[in-house]
Amino acid sequence: MAFDPNKFFFTRAVNGWCNRLLGAVTEGELADQPAEYASHRTTRDYICNTLGTSAWGMVFPVLTIVVTQLAGVELAGMFSLAFVTGSLLMILANYGVRTYQISDLDEAHSFSDYQLNRWLTCAAMLVVGWIYCFIRGYAGEMFTISMGVYVYKMVDGLADVYEGRLQQKDKLYLAGISQAFRSVLVLVVFSVVLFITRSVSVSCIAMAIAAGVSFIVLTLPLAIWETPTSARASFDSVVALFKQCAPLFVALFLYSLIDNMPKFVMEGVLSYDNQLYYNVLYFPAMGILLTAQLIYKPMLVKMAAVWADPEKRKRFDMIIVVIVAVIVGITVVMALIMGWIGITVMSFLYGVNFEQFRGLVFIMLAAGGVTACIDFLYQVVTVLRQQRTVTKLYLITFGFSLFVPILLVNFTGLPGAVIGYLIVMCILLVLLVWEYGKVRMALAERDKQAAAAHATRVVGRVVSTEDASRASLSRRLRRVAHISHAAPVSLSRGRPPFAGRPAARPQLPPQSSPRTPRSLLLLTR
């Protein structure tokens with residue numbers, strides 16, 4: 001029996017997409033293709049987005065392993081530094097717009113506005129990257145490696161706005177497929193080219209080209225075909241978008257700069273192989289952060305609902321304590337795993353003896369736990385809608401990051417970079433805890449004032465009701481007195497007040513009538 005590849009779902013999906021793409025190009029109707037994929041696929045969204053995010057997150061660690069094994073430690077260090085710098089520049093490309101875009105359900109800004117914004121920021125990213133290479137004096141292989149990585153990260157940032165459009169229209173699974181395809185293609189192309197050529201520079205160029213091809217053949221058509229046609233871009237709207245997202249961009253850029261400052265300091269003092277050692281030590285710490293995010297990020301909506309109820313504020317504080325305890329537990333478990341088998345596995349994967357860095361591994365894991373707490377507290381402050389107060393804390397910490405790593409790296413080398421990273425992160429954590437305490441007390445005081453004002457209004461309404469009741473009773477009494485004075489009854493002896501007419505005999509009330517038995521009165525009552 002002949003083998004039929006169309007029996008497999010993956011093969012059918014690829015063939016169908018290729019036919020659709022080629023048909024649209026041949027007919028010249030790229031923008032007029034009808035949507036074929038449904039929205040509101042929650043399970044598919046979760047699975048595909050997890051796959052895309054995981055594949056994207058594994059690109060850096062896996063590529064460092066490949067470069068170390070095929071090109072050596074020195075070139076792996078150069079590649080690691082270029083990738084770190086590219087990731088920092090990618091924040092400029094993204095400009096903090098993704099979350100704002102996917103929450104813009106009423107489309108206050110058109111998709112064309114978002115596209116124009118992203119193309120401008122991506123162009124700025126490449127310009128800044130080239131200027132950075134010129135300032136650092138990169139030439140030859142380091143310049144080629146850096147620019148290849150920067151172009152790849154630029155395509156990553158450009159694709160993000162189109163994948164955000166898919167998520168905005170509730171087709172997140174398509175965005176996950178796009179991200180996963182691009183990441184896997186980059187991994188495969190880079191590894192194959194490096195295996196054949198043994199040139200990291202050529203491999204970085206091939207990686208950038210592969211990312212661009214994936215964007216053209218998958219990401220861009222998906223966003224155009226599977227979402228409604230957008231209105232034209234507006235200059236005023238694009239400017240407003242830059243202004244609205246500027247605070248978040250500044251905060252993210254400052255934090256990333258603080259996080260990577262030891263790596264930049266090492267470049268001017270230590271050899272490039274130390275970049276590899278530092279990043280390999282950092283990967284388990286990053287695992288603590290990612291694991292903690294998987295736990296607390298799904299709870300953020302619930303935490304916002306708890307905070308919205310003033311009677312549940314103590315429960316909100318308890319959730320924070322529990323999550324911090326969980327982060328401490330994750331850090332302890334990761335330390336046990338690394339002490340048992342993790343260091344041995346790292347040494348095998350990278351071909352480097354990391355046993356010599358055992359003490360630094362545990363210091364970096366402690367820094368990873370601190371970083372996870374920092375990220376969680378930032379999310380908490382965002383839930384409280386006080387995220388603008390965090391920017392000044394980042395500025396203060398950035399000042400410390402300028403001289404603490406420099407002093408320690410110049411004195412002790414790689415250990416100084418790791419210890420300096422832990423010190424700077426602890427400073428930021430202390431500042432965040434202090435700021436959260438201030439925000440929390442201020443909000444608690446505001447709640448007390450609101451409760452007191454509410455109680456005052458309630459008491460005022462009660463007093464007003466009682467005063468109104470008294471006034472109504474007084475009016476009724478005055479009316480009765482007025483009626484009584486208008487028709488007086490004389491009870492004195494002698495003649496009645498009107499001659500010729502006998503005085504009217506007063507009528508007794510029924511319950512006072514001597515003819516009504518008491519038992520009957522009780523029954524009538």
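Residues numbered from 1 in each chain as written. Predicted model: local features only at pLDDT ≥ 70, side-chain atom pairs only at ≥ 80, totals over all residues. Heavy atoms only, no water.

**Notes on the packing of aromatic side chains**
Overall, the coordinates contain 22 aromatic pairs when judged by the stated rule. With a centroid separation of 5.9 Å and an interplanar angle of 10 degrees, the aromatic rings of Trp130 and Phe134 are classed as stacked. Within this pair, Trp130 and its partner Phe134 are both found in helix H5 (residues 111-136), separated by four residues, close to a single helical turn. One aromatic cluster is present, formed by Phe60, Phe79, Phe83, Tyr152, Phe190 and Phe283 through successive ring pairs. (Phe/Tyr/Trp six-rings, centres within 6.5 Å; stacked < 30°, edge-to-face > 60°. Helix = DSSP H or I, 4+ residues; strand = E, 2+ residues; numbered from the N terminus.)

**Section: the packing of helix H2 (residues 42-71) against helix H12 (residues 313-350)**
The contact between H2 and H12 brings their axes to 8 Å, and the two run at 55 degrees. Taken together, the axes of H2 and H12 lie oblique to each other. Contacts from Pro61, Thr64, Ile65, Thr68 and Gln69 of H2 reach H12 at Phe348, Leu349 and Tyr350. Tallied by class, the residues present in the contact of H2 with H12 amount to five nonpolar, three polar and no charged. (Axes fitted to C-alpha atoms, helices over the stretch in contact; angles between N-to-C directions. Parallel < 35°, antiparallel > 145°, perpendicular 65-115°, else oblique. Contact = heavy atoms within 4.5 Å. Nonpolar A, V, L, I, M, F, W, Y, C, P; charged D, E, K, R; others polar.)

**Focus on the packing of helix H7 (residues 172-197) against helix H8 (residues 200-225)**
When two helices pack together, their arrangement is given by the angle between the helix axes and the distance between those axes. Where H7 meets H8, the closest approach of the two axes is 8 Å, and the angle between their N-to-C directions is 155 degrees. Here H7 lies roughly antiparallel to H8, going by the angle between them. In terms of crossing hand, the pair formed by H7 and H8 is right-handed. Contacts between H7 and H8 involve Leu174, Ile177, Ser178, Phe181, Arg182, Leu185, Val186, Val189, Phe190, Val193, Leu194 and Thr197 on the former and, on the latter, Val200, Val202, Ser203, Cys204, Ala206, Met207, Ala210, Ala211, Ser214, Leu218, Thr219 and Leu222. Class assignment of the residues belonging to the contact of H7 with H8 gives a composition of 18 nonpolar, five polar and one charged. (Left-handed = near helix turned anticlockwise from the far one by under 90°.)

**Some points on the pattern of salt bridges**
Inspection of the entire model under this criterion finds ten salt bridges. Between Arg98 and Asp160 there is a salt bridge whose closest N-O contact spans 2.6 Å. Residue Arg98 is found in helix H4 (residues 98-102), and its partner Asp160 is found in helix H6 (residues 141-168); the two are separated by 62 residues along the sequence. Under the relative-accessibility criterion, Arg98 is labelled partly exposed at 21%. Residues Asp156 and Arg182 are paired through a salt bridge, measuring 2.8 Å at the closest nitrogen-oxygen approach. You can see Asp156 sitting in helix H6 and its partner Arg182 sitting in helix H7, a full 26 residues away along the chain. (Salt bridge = Lys/Arg side-chain N within 4 Å of Asp/Glu carboxyl O. Buried < 20%, exposed > 50% of the residue type's maximum accessible area, 1.4 Å probe, protein only.)

**A few points about a positive patch on the surface**
Together, Arg475, Arg476, Arg478 and Arg479 give the surface a local cluster of positive charge. Relative to the helices and strands, Arg478 is located in helix H15 (residues 414-486). (Patch = residues over 30% accessible without salt bridge, like charges linked within 9 Å, V, L, I, M, F, W, Y side chains within 5 Å. Areas by Shrake-Rupley, 256 points an atom, 1.4 Å probe, with all protein chains shown as cover. Lys, Arg positive; Asp, Glu negative; His and termini not counted. Charge placed at Lys NZ, Arg CZ, Asp CG, Glu CD.)

**With respect to the confidence of the model for the chain**
Atomic detail in the predicted coordinates should be set aside for any region of low pLDDT. On average, the chain scores 82 in pLDDT, and the residues at 70 or more come to 80%. Ignoring residues within four places in sequence, the model shows residues 489-501, a span with pLDDT below 50, making five contacts including any to other chains. Between residues 511-525, whose pLDDT stays under 50, and residues either more than four places distant or in other chains, the model counts five contacts. (pLDDT = per-residue confidence, 0-100.)

**Describing the side chain of Glu267**
Relative to the elements of secondary structure, Glu267 occurs in helix H9 (residues 235-267). Residue Glu267 is classed as buried on the basis of its relative accessible area, which comes to 12%. Among the polar contacts made by the side chain of Glu267, one reaches the side chain of Tyr138 at a distance of 2.3 Å. Beyond its immediate chain neighbours, meaning those up to four positions away, Glu267 contacts Leu81, Tyr132, Arg136, Tyr138, Tyr272 and Gln275. (Polar contact = N/O pair within 3.5 Å; in protein donor to acceptor, adjacent residues only side chain to side chain.)

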